[in-house]
Amino acid sequence: MPIAENQVVSFHYRLNEGGRQVESSFDRNEPLHVLIGHGNIIPGLEQALVGREVGDRFSVSVPPELGYGPRQEGMVVRVPKKYFSHVPRLEAGMLVPLALKGGGQEWVTVVKVGMTAVDVDRNPPMAGKILDFEVEILAAREASSEEMAHRHAHGADGTHAHG
Ligand SMILES: [Zn+2]
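Per the domain assignment, the segments making up the protein chain are domain 1 (7-68 + 127-150) and domain 2 (76-121). Put simply, the middle of domain 1 and the middle of domain 2, counted by C-alpha atoms, are 30 Å apart.

Next up, the structure:
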């Protein structure tokens, strides 16, 4: 049965960018479980899964417009260094959490560390990048009615509730 919208697909993936591994679910016990057709993963990867079969292994190169979008100018902001007092050794290139005024946090990339301020880039780390995925599809099933209502997958068998 080819993979289609409203199915939950379980798959392992390895993400490489610029010839370097960014992350890999193969190294963890748990694959990713994704409800297809509801924008839960980047469009390029979702499109590549549709029509495949369980057991398929494939590679796909996802351009920025089907990934995390283009890099935007004007996203580098200067933040007082004290905001990062929880980060032990602050260095350019690090991905660090920045607390937002309205609550919550955002992951930003450190551009430059000064004496009292830090320049950070608020672009998503993978914005503007071509993402090379290696994928192995492990399982696929119809989504439960609860998953359809929530518009996301509830684990391998659909029973993993969440808070
Ligand atoms: Zn849910």
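Don't stop here, the text continues.
Further remarks concern the nonpolar core. One finds Phe11, Leu45, Leu49, Phe133 and Val135 to be the most contacted residues of the largest nonpolar core, which totals 20 residues. At the level of elements, strand S1 (7-17), helix H1 (43-49), strand S4 (57-62) and strand S9 (131-142) are the ones that each hand at least two residues to this core. When neighbours within four sequence positions are excluded, Phe133 is seen to be in contact with Tyr13, Arg14, Leu15, Ile42, Leu45, Phe58, Ser59, Val60 and Val62.

With respect to topology, four strands assemble into an open sheet ordered S5-S8-S7-S6, the strand pairing being antiparallel. The open sheet has two edge strands with one neighbour each: strand S5 (76-80) and strand S6 (95-99). For this sheet the average axis-to-axis angle between neighbouring strands, irrespective of direction, equals 50°.

Quick look at the layout of surface pockets now. Any empty space left between atoms is shown by rolling a water-sized probe over those atoms. By volume, the largest pocket is sized at about 240 Å³. Every residue along the wall of the largest pocket is listed here: Tyr13, Leu15, Val22, Glu23, Leu32, Ile41, Ile42, Leu45, Tyr68, Met126 and Phe133. Mapped onto the lining of the largest pocket, the elements with two or more residues apiece are S1 and strand S2 (20-24). Here the residues of the lining of the largest pocket are counted per class, giving 10 nonpolar, no polar and one charged. Forming the boundary of the second largest pocket are Arg78, Val79, Tyr83, Leu98, Ala99, Leu100 and Lys101. Of all the elements in the fold, those that place two or more residues in the lining of the second largest pocket are S5 and S6.

Okay, the environment of Leu35 next. For Leu35, the location among the structural elements is in strand S3 (residues 32-35). Separated by 25 residues in sequence, Leu35 and Ser10 place their C-alpha atoms 9.1 Å apart. Setting aside residues no more than four positions away along its own chain, Leu35 makes contact with Asn6, Gln7, Val8, Asn40, Glu46, Ala143, Glu147, Met148, Arg151, His152 and Ala153.

Attention now goes to the pattern of salt bridges. In the structure shown here, the tally under the stated rule is seven salt bridges. Residue Arg57 pairs with Glu136 through a salt bridge whose shortest N-O separation is 3.4 Å. Of this pair, Arg57 sits in strand S4 while Glu136 sits in strand S9, and the two are 79 residues apart along the sequence. Notably, a salt bridge pairs Glu147 with Arg141, separated by 2.9 Å at the nearest N-O pair.

Cut-offs used in this document
- Residue positions are counted from 1 within each chain, in the order its sequence is given.
- The model is predicted, so local features are restricted to residues of pLDDT at least 70 and side-chain atom pairs to those at 80 or more, both for listing and for counting; the totals for chains, interfaces and linings are taken over all residues.
- Excluding hydrogens and water, the side-chain values take into account all heavy atoms of the structure.
- Reported domain spans reflect what an automatic or database domain assignment gives.
- Among the buried residues, those of types Ala, Val, Leu, Ile, Met, Phe, Trp, Tyr and Cys that are joined through side-chain atoms within 4.5 Å form a nonpolar core.
- Exposed residues in this analysis have more than 50% of their type's maximum accessible area, buried residues have under 20%, and partly exposed residues fall in between, with area computed by a 1.4 Å probe over protein chains only.
- The secondary structure listing takes helices from DSSP runs of H or I that are at least 4 residues long and strands from runs of E that are at least 2 residues long, numbered from the N terminus.
- Contacts are residue-level and defined by heavy atoms, with any inter-residue pair within 4.5 Å sufficient.
- Two strands qualify as a pair provided DSSP detects at least 2 bridges between them.
- Axis definition: a line fit to C-alpha positions, over the contact stretch in the case of helices; interaxial angles, taken between N-to-C directions, run 0 to 180 degrees.
- Using protein atoms alone on a 1 Å grid, points that fit a 1.4 Å probe yet trap it form a cavity, whereas open point sets bounded by protein on both sides within 12 Å along at least five of seven lines form a pocket; residues with an atom within 4 Å of a point count as lining.
- Grid points are joined across faces, edges and corners, and a volume is the space filled by probe spheres set on the points.
- Polar here means any residue other than Ala, Val, Leu, Ile, Met, Phe, Trp, Tyr, Cys and Pro, which are nonpolar, and Asp, Glu, Lys and Arg, which are charged; Gly is therefore polar.
- Here, a salt bridge means any side-chain nitrogen of Lys or Arg that lies within 4 Å of a carboxyl oxygen of Asp or Glu.

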